[in-house]
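Breakdown of the fold
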Amino acid sequence: DKIRNLSDDELKLEEAKAAEQLFRIRFAKSLGKQEGLKNLRTLKLDIARIKTVARERQLTAAAEGKK
């Protein structure tokens, strides 16, 4: 619900933040650090949710445009 209440610009910003955190955790993991590994799954799920909401909005806008 929190993600659905965000505007399109806020969605893009949140996706960029999550992708950056995911990159940093993966990089740290490659260096042998185990900190933040529990966040990997939640970050992946958050990114997927954000992309899903963005795509739903695109499809809705396209459907309304055709009418």
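All of the points below concern the structure found in this document.

The rules behind these values
Residues numbered from 1 in each chain as written. Predicted model: local features only at pLDDT ≥ 70, side-chain atom pairs only at ≥ 80, totals over all residues. Heavy atoms only, no water. Helix = DSSP H or I, 4+ residues; strand = E, 2+ residues; numbered from the N terminus. Expected span 1.5 Å × (residues − 1). Buried < 20%, exposed > 50% of the residue type's maximum accessible area, 1.4 Å probe, protein only. Contact = heavy atoms within 4.5 Å. Core = buried A, V, L, I, M, F, W, Y, C linked by side-chain atoms within 4.5 Å.

1. Some remarks on helix H2 (residues 39-66)
For an α-helix, 3.6 residues make a turn, and residues three or four places apart therefore share a direction. Along its 28 residues, H2 runs 41 Å from first to last C-alpha, staying within 8% of the 40 Å computed at 1.5 Å per residue. Leu40, Leu43, Ile47, Ile50 and Val53 are the residues of H2 that are buried. The inward-facing, buried residues of H2 contact helix H1 (8-30).

2. Some thoughts on the nonpolar core
Ala18, Leu22, Ile25, Leu40, Leu43 and Ile47 form the largest nonpolar core, which has six residues in total. Elements supplying a minimum of two residues to this core: H1 and H2. Residues within four places of Ala18 in sequence aside, it is in contact with Leu43 and Ile47. Grouped together as the second largest cluster of nonpolar side chains are five residues, Ile3, Leu6, Ile50 and Val53 included.

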